Protein chains: 2
Amino acid sequence: MTSRIEKLCEERSILLTEQRRIVARVLSESSDHPSVKELYSRAAAIDASLSIATVYRTLRLFEEAGILERHAFDGRESRYEEASTDHHDHLIDIDTGVVVEFQNEEIENLQEEIATRLGFELVGHRLELYGRKIK
Amino acid sequence: MTSRIEKLCEERSILLTEQRRIVARVLSESSDHPSVKELYSRAAAIDASLSIATVYRTLRLFEEAGILERHAFDGRESRYEEASTDHHDHLIDIDTGVVVEFQNEEIENLQEEIATRLGFELVGHRLELYGRKIK
DNA sequence: CAGTGAATGATAATCATTCGCAAGTAAAAA
DNA sequence: TTTTTACTTGCGAATGATTATCATTCACTG
Ligand SMILES: [Mn+2]
Ligand SMILES: [Mn+2]
Ligand SMILES: [Zn+2]
Ligand SMILES: [Zn+2]
C-alpha cells in the first residue's frame, strides 16, 4: 500500500519520515481539496503528536517537488490536492464551498494563444469559476 | 476634477471624506494593480496622517459598492484596480510581477457553457495566466 | 556505536487584515 | 443655531495564516 505520493518521493529522493508518510496518506485519501487545518486534524487523528508546523513544512516540500498543488480559492487559506498528470480547473459553489473539477481543452489552447500573442511563454495559469447551484 | 470613483460614490450616497477622496484619487491615477501597502504609501505622500486602517476600510467599502476590484494573484496580498465596465483578465510576468490585461470573448463564453453544463449559474470567475517574457 | 546533517515539536515571530474604542466630524433634528 | 445622532478616523491591540527559531531527536554512514 505504497501511495502514489510515496513513490514520487522516492523518485525524488525525498526522505519519507513517518509524519510525511501520514500527510501523504491523508492527502491521497482525500478527494475534496482540504485546507491545512483540515489536513492537520485528519493527520492528528492518526498520530496525535504530529505538529502543525510539520504539516506546513511537508506540504511546502511536496509542493516544491511538484507532488502537490496549492490553491487559494477566492484569496482564502491554502488548500491542497495531489498533482495529477491530467490537468483540470475548478468551479467553486459559492454557497457551500464544494469544489467541482472540470477540463476544457479549448480554453487551455486559447490561453496558450493569448500568452503567445502578448509575447509571453505560458508557464502556468489559474482558472476558477464561482457559481451557484441551479435547483 | 471629480474622478469617476467620486462620481460613483455620490451615486451610491457614500460619504466622501477627505481620506476617501485621497484613496480614490490615488487609485484612479494608478494604472498598475497596486497592493494595499503601495496604495497606502502613495496616499500617505499626500496626507501623512492617513491611517492604514482607513485605507483598508475604504478599499473594502469601495469594493463592496462595486467600485473597485480586488485581486489576489497567486494567493498573495490583495491588489486593487478600478472596476471597469469592460471586463478583462490578467497575465502576470513571473519574473517582474508586471501585470498585462487582456480580453477574450471566446473564453468568457466557454466558461458560461461549462458552468451551465455542470448545473451552476456562473456568478464570477478568475483567470490568471503566468508567463515569462519571450526575448 | 559515534558522528553528522536533516527532521521534528513547541513556540515565538511575522505578515496581512480586522477590531475596539475614544475622539472628531458631518448630517439631521429641534 | 444649538442639540442630538450617526458615521469616520487614528491608534493600537487582536486575529489568523504562515514561517522562523532552536533545542531535541532521528536517520544514515562509516
Ligand atoms: Mn482539483
Ligand atoms: Mn486589470
Ligand atoms: Zn486549466
Ligand atoms: Zn474573464
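Thoughts on the confidence of the model for chain A
Thinking step 1. This prediction gives chain A a mean pLDDT of 94; 99% of its residues lie at or above 70.
Thinking step 2. Mean pLDDT across the elements of chain A bottoms out in helix H1 (residues 4-11) of chain A (85) and peaks in helix H5 (residues 105-117) of chain A (98).

Digging into the coordination of the zinc ion (ligand 4)
All names here are of chain B.
Thinking step 1. Looking at the metal site, the zinc ion (ligand 4) is ligated by His87 (NE2), Asp89 (OD), Asp89 (OD), Glu108 (OE) and His125 (NE2), spaced 1.9 to 2.7 Å from it.
Thinking step 2. Considered as a linear motif, the donors of the zinc ion (ligand 4) on their single chain read H-x1-D-x18-E-x16-H. Residue aspartate 89 is found in strand S3 (residues 89-93), and its partner histidine 125 is found in strand S5 (residues 120-133); the two are separated by 36 residues along the sequence.

Focus on the protein's contact with DNA strand D
Thinking step 1. Taken together, the neighbourhood of DNA strand D is formed by 16 residues, with Tyr56 of chain A together with Thr17, Gln19, Thr54 and Arg57 of chain B sitting nearest.
Thinking step 2. Considering DNA strand D, the proportion of its atoms within 4 Å of the protein that are sugar or phosphate atoms stands at 70%.
Thinking step 3. Take glutamine 19 of chain B: an N or O atom from its side chain is 3.1 Å from a sugar or linking oxygen of DNA strand D.
Thinking step 4. Contact between DNA strand D and arginine 57 of chain B: a base nitrogen at 2.7 Å from a side-chain N or O atom of the residue.
Thinking step 5. Elements supplying a minimum of two residues to the surface near DNA strand D: helix H3 (36-44) and helix H4 (52-64) of chain A together with helix H2 (18-28) and helix H4 (52-64) of chain B.
Thinking step 6. Looking at the surface near DNA strand D, the element that brings in the most residues is H4 of chain A, giving four residues.
Thinking step 7. Looking at the surface near DNA strand D residue by residue, the classes come out as five nonpolar, six polar and five charged.

Here's the deal with the protein's contact with DNA strand C
Thinking step 1. In the vicinity of DNA strand C, 19 residues are found, and the nearest of them are Thr17, Gln19, Thr54 and Arg57 of chain A together with Tyr56 of chain B.
Thinking step 2. Put simply, 70% of the atoms of DNA strand C that lie within 4 Å of the protein are in sugar or phosphate.
Thinking step 3. One of the side-chain nitrogen or oxygen atoms of glutamine 19 of chain A is found 3.0 Å away from a sugar or linking oxygen of DNA strand C.
Thinking step 4. Between DNA strand C and serine 78 of chain B there is a distance of 2.9 Å, counted from a phosphate oxygen to a side-chain nitrogen or oxygen.
Thinking step 5. Secondary structure elements with two or more residues in the surface near DNA strand C: helix H2 (18-28) and H4 of chain A together with helix H3 (36-44) and H4 of chain B.
Thinking step 6. Take the surface near DNA strand C: its biggest share by element is four residues, from H4 of chain B.

Remarks on unusual backbone geometry
Thinking step 1. Backbone geometry places aspartate 74 of chain A, a non-glycine residue, at a positive phi of 55°.
Thinking step 2. Considering the arrangement of structural elements, one finds aspartate 74 of chain A in the loop between strand S1 (68-71) and strand S2 (79-82).
Thinking step 3. Within the chain, serine 13 of chain B stands out as a residue other than glycine whose phi angle is a positive 45°.
Thinking step 4. As for its placement among the helices and strands, serine 13 of chain B is situated in the loop between helix H1 (4-11) and H2.

Considerations on the relation of the copies chain A and chain B
Thinking step 1. Rotating chain A by 179° and translating it 0.0 Å along the rotation axis places it on chain B, where the RMSD comes to 0.2 Å. The operation mapping one copy onto its partner corresponds to a two-fold rotation axis. Proximity to the rotation axis, assessed at the C-alpha, singles out leucine 127 of chain A in chain A; its C-alpha lies 2.3 Å from the axis.
Thinking step 2. When you check the interface residues of chain A against chain B, 97% turn up at the interface there too, and the contact is symmetric in its surfaces.

Some words on the domain arrangement of chain A
Residue and element names in this part refer to chain A.
Thinking step 1. Taken as a whole, chain A is organised into domain 1 (4-82) and domain 2 (89-131).
Thinking step 2. Domain 1 and domain 2 are separated by 24 Å when their C-alpha centres are compared.
Thinking step 3. The interface is formed by seven residues belonging to domain 1 together with seven residues belonging to domain 2.
Thinking step 4. Interface area, domain 1 with domain 2, both sides summed: about 560 Å², of which 53% is carbon and sulfur.
Thinking step 5. Sorting the residues of domain 1 by area buried against domain 2 places His33, Phe73 and Asp74 first, and these three jointly supply 68% of that buried surface.
Thinking step 6. At the boundary of domain 1 with domain 2, the tally comes to zero salt bridges.
Thinking step 7. Taken together, the connections running from domain 1 to domain 2 amount to four residue pairs in polar contact (both at pLDDT 80 or more).
Thinking step 8. The residue makeup of the side of domain 1 that touches domain 2, split by class, is two nonpolar, two polar and three charged.

Conventions used here
- All residue numbers refer to positions counted from 1 along the written sequence of the respective chain.
- Going through the entries in the order they are written, you letter the chains from A and number the ligands from 1.
- Residue-level local features of this predicted model are given only where pLDDT is at least 70; pairs of side-chain atoms are given and counted only at 80 or more, and the full residue set underlies all totals for whole chains, interfaces and linings.
- Only hydrogens and water are set aside when side-chain values are computed; all heavy atoms of the structure are taken into account.
- Scored from 0 to 100, pLDDT records how confident the predictor is in each individual residue.
- Secondary structure counts use DSSP, requiring at least four H or I residues in a row for a helix and at least two E residues in a row for a strand, with both numbered from the N terminus.
- Listed donors are limited to N, O and S atoms within 2.8 Å of the metal, widened to 3.2 Å for Na, K and Ca; water is not among them, so incomplete-looking sites are possible.
- The nearness test applies per residue and asks whether one of its heavy atoms lies within 4 Å of the molecule or strand.
- Think of a polar contact as two N or O atoms within 3.5 Å of one another; within protein, one of them needs to be a possible hydrogen donor and the other a possible acceptor, and neighboring residues in sequence only count if both atoms come from side chains.
- In this classification, Asp, Glu, Lys and Arg are treated as charged, Ala, Val, Leu, Ile, Met, Phe, Trp, Tyr, Cys and Pro as nonpolar, and every other residue, Gly included, as polar.
- For this overlay, a least-squares fit was computed on C-alpha atoms, restricted to residues scoring pLDDT of at least 70 in both copies.
- The criterion used for residue contact is that any of the two residues' heavy atoms lie within 4.5 Å.
- In this entry, domain limits derive from an automatic or database-based domain assignment.
- Accessible-area loss on putting two parts together, using a 1.4 Å probe and summing over both, is the definition of buried area adopted here.
- Any carboxyl oxygen of Asp or Glu that lies within 4 Å of a side-chain nitrogen of Lys or Arg is treated as forming a salt bridge with it.

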